[in-house]
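# Architecture at a glance
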Amino acid sequence: MPAPAAPAVVDHPTVDHPAVDHSVRATLRSPRALRTEVLGGLVVALALIPEAIAFSIIAGVDPRVGLFASFTMAVTIAFVGGRPAMISAATGAVALVVAPLVREHGLDHLVAAVILAGLIQVVLGVLGVARLMRFVPRSVMVGFVNALAILIFLSQLPHLQGVPFAVYPLTAAGIAIMVLFPRLTKVVPAPLVAIVLVTVVVVAAGIAVPTVGDEGALPESLPSLFFPDVPLTLETLRTVAPYALGMALVGLLESLMTAKLVDEVTDTRSNKTREAWGQGVANVVTGFFGGMGGCAMIGQTMINVKASGARTRISTFLAGAFLLVLVVGLGDVVAIMPMAALVAVMVMVSVGTFDWHSVRPATLRRMPRSETAVMLATVVVTVATHNLAYGVIVGVLVATLMFARRVAHLTTVTRLDGPDADGRAVYAVTGELFFASSNDLVHQFDYSGDPRGVVIDLSGAHVWDASTVAALDAVRTRYAARGTTVTVVGANADTAARLERLSGALGAGH
């Protein structure tokens, strides 16, 4: 299936700020916009190197497996992805999922799992799994962003512990440069300036501090095709399938959440269905080049979108291309870059990513407690597990429970004053009737005090599930035991169809 052409990304116009065309074609014709994309890609590539090496170590593979995965993921997703300017590469979430597989079965089984995970993502993308993003509430998104910012900051702490004292002033200097330099000019991304200046100072002064080269050996050759040496048997499938499914789900969740965040940051829309199957294609390609797989990287994406101002696929492609050039062709230069400079970049990314407005006292006082509880649940679970997917799942579950509880209390049963023209008691039911709100429905009627005829008016209600139908059946049964006839009126078309289909067919006790 050929990839559909991506629509041009155009910022929403306002009176003061007319629409800006961020399509690839328009960017190539604008030297200023192209410079932003090129420099953004370069900064991301520099930030990717230590991250990819660190994730390789977590997964238990050689550093070049993570580095080559980052290259193939970024380059491939630049063509097939649905969210321009988003960065995909080897990630910590995927590394944590596959680490046990590598430990027990080795690299070949890992690559087989990556390819299978990519195929699963393609299938899920074609089936429209991206549409499930509409069920992720804003409070979960805020929690996701805040948890991400905390994790980015925490991930830098190991680089600030047990290190020479010079690391601290160098890191502080890098942060100061990124804060102050944009006040002078925004022509060159401040993170790139910080990396270059701190590196020059360290090399010129001969300061002994940890460098990128200390994180692991950089590859000296280009990636090549790799076919996993595993038997094509059901036993192999049983071994790799659980890890492949975990990779596919975690990768899609993080990628779609990141795409949604970038949509908000850039005030543009993306094709999330294309992004879902595009992630799968990128993982399949990565697997056949011996990579460890990956998904969207929100930290590097924020560097690209917020810190550097990039908006198109060009920066994504160049991030991968620059990464390969840097680690293979300029490995000796990259190796001498101090980690302090990259730590400063990531600290500023974490500060810029955190939604500070969401934790202001005024905001917390105004926000419903249930919304705050959902945000905190997402943050706590994510930070505790170091897994964004777990946090989002728990956040959505808590939000669902809070919503059900809130809606359940909006349901009322009112006995109208006086009987109707036929001498029957009339009960008006209002609200959304589902398993949570209809649980006590059976106790809202005066069975012993009502006349021989009862009318239940549903004109102000909607029946959503079998639990409510069963509750109405129980009401009828209780009245029938006393010789009372129950008539249901006012049901809308959907409710009437559900009652007709299920009423009396659910069995006793349901």
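Residues numbered from 1 in each chain as written. Predicted model: local features only at pLDDT ≥ 70, side-chain atom pairs only at ≥ 80, totals over all residues. Heavy atoms only, no water.

What follows covers the packing of aromatic side chains. Enumeration over the complete set of coordinates arrives at nine aromatic pairs. Clustering of aromatic rings is evident, with ring pairs tying together Y427, F445, Y447 and Y479. (Phe/Tyr/Trp six-rings, centres within 6.5 Å; stacked < 30°, edge-to-face > 60°.)

So, on to the packing of helix α16 (residues 369–385) against helix α17 (residues 388–408). Viewed as axis vectors pointing N to C, α16 and α17 meet at an angle of 160°, and their least axial separation amounts to 8 Å. Taken together, the axis directions place α16 and α17 in an arrangement best described as roughly antiparallel. Note that α16 runs across α17; the crossing there is right-handed. Only L388, Y390, G391, V392, V394, G395, V398, A399, M402 and R406 of α17 make contact with α16, whose side of the interface consists of S370, E371, A373, V374, A377, T378, V381, T382 and T385. For the contact of α16 with α17, a count of residues per class yields eleven nonpolar, six polar and two charged. (Axes fitted to C-alpha atoms, helices over the stretch in contact; angles between N-to-C directions. Helix = DSSP H or I, 4+ residues; strand = E, 2+ residues; numbered from the N terminus. Parallel < 35°, antiparallel > 145°, perpendicular 65-115°, else oblique. Left-handed = near helix turned anticlockwise from the far one by under 90°. Contact = heavy atoms within 4.5 Å. Nonpolar A, V, L, I, M, F, W, Y, C, P; charged D, E, K, R; others polar.)

Before going further, it helps to spend a moment on the sheet that holds strand β3 (residues 412–415). Taken in spatial order, the four strands line up as β3-β4-β5-β6 in an open sheet, and their pairing is mixed. At either margin of the open sheet sits one strand with a lone partner, and together these are β3 and β6 (485–489). Sheet twist, expressed as the average angle between the axes of neighbouring strands with direction ignored, equals 20°. Examined bridge by bridge, strand β5 (residues 453–463) and β6 share five bridges and lie parallel to one another. For I456, the partnering residue across the bridge sits in β6 and is V488. (Pairing = 2+ DSSP bridges.)

This part covers the pairing of strand β4 (residues 425–433). Along any regular strand the residues' side chains alternate between the sheet's two faces. By the criterion of burial, β4 is predominantly enclosed, with seven of the nine residues buried. By the bridge criterion, four bridges tie β3 to β4 in an arrangement that is antiparallel. Across the sheet, residue V413 finds its bridge partner in β4, namely V429. Pairing analysis gives eight bridges linking β4 to β5, with the strands arranged parallel. Each bridged residue has a counterpart across the sheet, and for L433 the counterpart in β5 is V463. (Buried < 20%, exposed > 50% of the residue type's maximum accessible area, 1.4 Å probe, protein only.)

Another aspect to go through is the nonpolar core. With 97 residues, the main nonpolar core has I49, L67, M257, M292, I303 and L323 as its most contacted residues. With twelve residues, the top contributor of residues to this core is helix α2 (residues 31–59). In this view, I49 contacts L67, V212, L218, L323, L326, V327 and V334; residues no more than four positions away in its chain are not counted. Membership of the second largest hydrophobic core comes to 21 residues, among which are Y447, V463, V469 and V475. (Core = buried A, V, L, I, M, F, W, Y, C linked by side-chain atoms within 4.5 Å.)

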